[in-house]
Amino acid sequence: MSPESPKSLETKAKLLEGALRTLTEQGIAKTSARTVAAAAGVNQALVFYHFGSVDELLAAACRYGAERAVARYRARLAAVTSLSELLAVGRKVHEEERAGGHVALLGQLLAGAQTHATLGPATAAGLELWITEIEQVLTRVLAATPFGEFADPAGLARAVAASFVGIELYEGVDASGATAALDALEQLGVLVAALEDLGPVAQRAVRHHLRRTGRGRGA
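Residues numbered from 1 in each chain as written. Predicted model: local features only at pLDDT ≥ 70, side-chain atom pairs only at ≥ 80, totals over all residues. Heavy atoms only, no water.

When its volume is computed, the largest pocket comes out at roughly 660 Å³. In terms of lining, the largest pocket is formed by 33 residues, of which the most central are Ala 69, Glu 97, Leu 106, Trp 130 and Glu 168. Of all the secondary structure elements, the ones that give two or more residues to the lining of the largest pocket are α1 (6-26), α4 (54-78), α5 (83-99), α6 (102-112), α7 (119-142) and α8 (153-171). For the lining of the largest pocket, the leading source of residues is α4, giving seven residues. For the lining of the largest pocket, a count of residues per class yields 19 nonpolar, nine polar and five charged. (1 Å grid on protein atoms, 1.4 Å probe; cavity = no way out; pocket = protein on both sides within 12 Å on 5 of 7 lines; lining within 4 Å. Points joined across faces, edges and corners; volume = space filled by probe spheres on them. Helix = DSSP H or I, 4+ residues; strand = E, 2+ residues; numbered from the N terminus. Nonpolar A, V, L, I, M, F, W, Y, C, P; charged D, E, K, R; others polar.)

Let's shift gears to α6. Residues of α6 that are buried include every one of Val 103, Leu 105, Leu 106, Leu 109 and Gly 112, and no others. The secondary structure elements touched by the buried residues of α6 are α1, α4, α5, α7 and α8. (Buried < 20%, exposed > 50% of the residue type's maximum accessible area, 1.4 Å probe, protein only. Contact = heavy atoms within 4.5 Å.)

Turning our eyes to something else, we now look at the pattern of salt bridges. Scanning the entire structure with this criterion turns up eight salt bridges. Between Asp 183 and Arg 91 there is a salt bridge, and its shortest N-O distance comes to 2.6 Å. Here the residue Asp 183 occupies a position in helix α9 (residues 175-196), and Arg 91 occupies one in helix α5, the gap between them amounting to 92 residues. With a relative accessible area of 31%, Asp 183 lands in the partly exposed category. (Salt bridge = Lys/Arg side-chain N within 4 Å of Asp/Glu carboxyl O.)

On to the environment of Val 103. Tracing the backbone shows Val 103 in helix α6. Here Val 103 falls in the buried class, since its relative accessible area comes to 10%. Through-space distance from the C-alpha of Val 103 to that of Val 165 is 8.6 Å; in sequence the pair is 62 residues apart. The contact partners of Val 103, leaving out residues within four places of it in the chain, are His 94, Glu 97, Arg 98 and Glu 168.

Another aspect to go through is the nonpolar core. Core analysis: the largest hydrophobic core is formed by 25 residues, its most contacted members being Val 80, Leu 86, Trp 130, Ile 134, Val 137 and Leu 138. For this core, the secondary structure elements donating two or more residues are α4, α5, α7, α8 and α9. Among the elements that make up this core, the one with the highest residue count is α7 (seven residues). When neighbours within four sequence positions are excluded, Leu 86 is seen to be in contact with Leu 77, Val 80, Ile 134, Val 137 and Leu 138. Listed in part, the 22 residues of the second largest apolar core include Ala 33, Val 54, Ala 61 and Leu 105. (Core = buried A, V, L, I, M, F, W, Y, C linked by side-chain atoms within 4.5 Å.)

Set out below in C-alpha cells:
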C-alpha cells in the first residue's frame, strides 16, 4: 500500500479534530457526517472516503484524542516519585482536561458506547493508554514502600483510572461532591506518604503485619 499523500493526511486530521469538537460541543446525538464535516471545513463525502462510516471515524477520533492527551502528560507522569505526587498530578490533569472540554468529551464517548458498537472498544483502548502510564508510575513508586511486594500495580492502575473517570462524570451533577472525592484521594496519598516516612523498624513491622494477614499478591 502506497503512503498517503500530505493532503490526504491533512484532511484526515481535520476530520478527526472535527469529530472531537462536534462530540464535545454538540453531543453524540447531533454528531453526523454533516456536522463533523462542517466542523472540519470539508465536504461530508470525505468522511466516508477516508473512514468508511461515521462510527469508524468516531472510533478513530477517540483513539487519536487519547493518544494526544496521554502524550501531553507523559513527561509529567514520568517525573512522579510518590503516590501522593501521582494523585496531585491526577488532580491537575483533571482540572486541565475539564478546562479543555475533554471531560465532557469522555462523557459523550461513554454515552455513545451504549449505542455505537465501535465506540466501546475504542474508548476502552483510549483508557488503556492512561492505565498503562499509571501502572508504570505505581510500579516504580510502590517498590520503595512497605506495600511494594503486596500491591498489584495493574489492578491499582485500573482502580485509579476508574476513580477519576467516575469523578469526572460525577462532577457534571455534583461539583462539590466531586471536589470532596478528589480531596479524599489526596488525603489517602498523605496517609501513604506518612507510612513511607516511617523508619526501617516500623516499615518491617508493617510488612510483617501484611504478610501475617495474608494480603500479599496471590494470597
